[in-house]
Amino acid sequence: MREAEFRRDTAETAIRVRVNLDGTGRREIATGIGFFDHMLDQLSRHSLIDMEIEAKGDLHIDDHHTVEDVGIALGRAIARALGDKRGIRRYGSCLLAMDETLARAALDLSGRPFLVWNVDFPTEKIGTFDVQLVREFFTALAMNGAITLNVARLDGANSHHIAEACFKAVAQALRAAVEPDPRMADAVPSTKGTLAG
């Protein structure tokens, strides 16, 4: 089983993340931020990656540190679980429709972190959640998971739908990329022979 745990403890947050890449999307998520928990639930459910995420952060200040640090910890846990990435498909993409929204996500478990973010929101908040934090989360996930990630909003008018479509599209792309490739079981999918970066 490709499993890993990562803990991050700072003066701002205490985070514990555990993942199983060969799971069924089972999840136990508690960050203290309702909308963020909902998005992480979608990420686990649609990637089929089992996730346990516990976060205690300085929410009396704002949600920023908690959201960013969960992205850091989740990225590190996924990278650990992938190991040398031998036998994975490596690439994944998804064009995802949700109500009036259309989102696209494409990623490469390249070992070379990068985020291209072409997503704008019609509002500054979803309830009390700052929409800028959606990008912050995916930046932290990509940088710490060593993922090349491209996310775009192609259509959409509702901020909740846009955010959720992005999380679901990334989840589907991640699901495809981490899957074992039965035709390449013992090979690292790179002409370099490594995906370490």
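It should be noted that the structure appears before, not after, this text.
All of these numbers come straight from a predicted model, not from anything done at the bench.

Trainee: When you look at the environment of N158 in this model, what are you seeing that I'm missing?
Mentor: Examined against the element boundaries, N158 turns out to sit in the loop between β10 (148-155) and α4 (159-178). Separated by 32 residues in the primary sequence, N158 and I126 have C-alpha atoms spaced 9.4 Å apart. Ignoring sequence-local partners within four residues, the contact set of N158 consists of E100 and T101. Among the polar contacts listed, one links the side chain of N158 to the backbone nitrogen of H161, at a separation of 3.0 Å.

Trainee: What exactly am I supposed to notice about the packing of aromatic side chains here?
Mentor: Centre-to-centre distance and the angle between the planes together describe a pair of aromatic rings. Taken as a whole and judged by the stated rule, the model has 7 aromatic pairs. Here the aromatic rings of F35 and F129 are separated by 5.1 Å at their centres, their planes lie at 50 degrees, and the arrangement is tilted. With F35 in helix α1 (residues 34-47) and F129 in strand β9 (residues 129-130), this residue pair connects regions lying 94 residues apart in the sequence. Pair check on accessibility: F35 and F129 agree, each one buried. Between the aromatic rings of F137 and F138, the centroid separation amounts to 5.1 Å while the plane-to-plane angle is 70 degrees, which identifies the pairing as edge-to-face. Judged on exposure class, the residue F137 and its partner F138 are both buried. Taken together, the ring pairs connect F35, F36, W117, F129, F137, F138 and F167 into an aromatic cluster.

Trainee: Sorry if this is basic, but what is going on with the sheet that holds strand β2 (residues 13-20) here?
Mentor: Strand-to-strand pairing in sheets goes through backbone hydrogen bonds, with the strands running parallel or antiparallel. Spatial ordering of the open sheet is given by β1-β2-β4-β3, a layout of 4 strands whose pairing is mixed. At either end of the open sheet lies a strand with only one pairing partner, and these are β1 (3-9) and β3 (27-30). Strand-to-strand, the axes of this sheet are offset by a mean angle of 5 degrees, without reference to chain direction. Here β3 pairs with strand β4 (residues 50-57) via 4 bridges, running parallel. The partner of E28 across the bridge, within β4, is E52. Of the strands in this sheet, β3 and β4 touch α1, which is tilted by about 165 degrees from β3. Packing against the sheet, helix α2 (residues 64-82) makes contact with β1, β2 and β4, and its axis sits at approximately 35 degrees to β2.

Trainee: Could you clarify how one ought to interpret the packing of α2 against helix α3 (residues 132-145) in this entry?
Mentor: In helix packing, the relevant descriptors are the interaxial angle and the interaxial distance, both defined with respect to the helix axes. For the pair α2 and α3, the least separation of the axes is 7 Å and the interaxial angle reads 30 degrees. With respect to each other, α2 and α3 are oriented roughly parallel. As for how α2 packs across α3, the hand of that crossing is right-handed. Where α2 abuts α3, its residues H64, V67, E68, V70, G71, I72, L74, G75, R76, I78 and A79 lie against L133, E136, F137, A140, L141, N144 and G145. Tallied by class, the residues present in the contact of α2 with α3 amount to 10 nonpolar, 5 polar and 3 charged.

Here is what the cut-offs are and how they apply
Residues numbered from 1 in each chain as written. Predicted model: local features only at pLDDT ≥ 70, side-chain atom pairs only at ≥ 80, totals over all residues. Heavy atoms only, no water. Helix = DSSP H or I, 4+ residues; strand = E, 2+ residues; numbered from the N terminus. Contact = heavy atoms within 4.5 Å. Polar contact = N/O pair within 3.5 Å; in protein donor to acceptor, adjacent residues only side chain to side chain. Phe/Tyr/Trp six-rings, centres within 6.5 Å; stacked < 30°, edge-to-face > 60°. Buried < 20%, exposed > 50% of the residue type's maximum accessible area, 1.4 Å probe, protein only. Pairing = 2+ DSSP bridges. Axes fitted to C-alpha atoms, helices over the stretch in contact; angles between N-to-C directions. Parallel < 35°, antiparallel > 145°, perpendicular 65-115°, else oblique. Left-handed = near helix turned anticlockwise from the far one by under 90°. Nonpolar A, V, L, I, M, F, W, Y, C, P; charged D, E, K, R; others polar.

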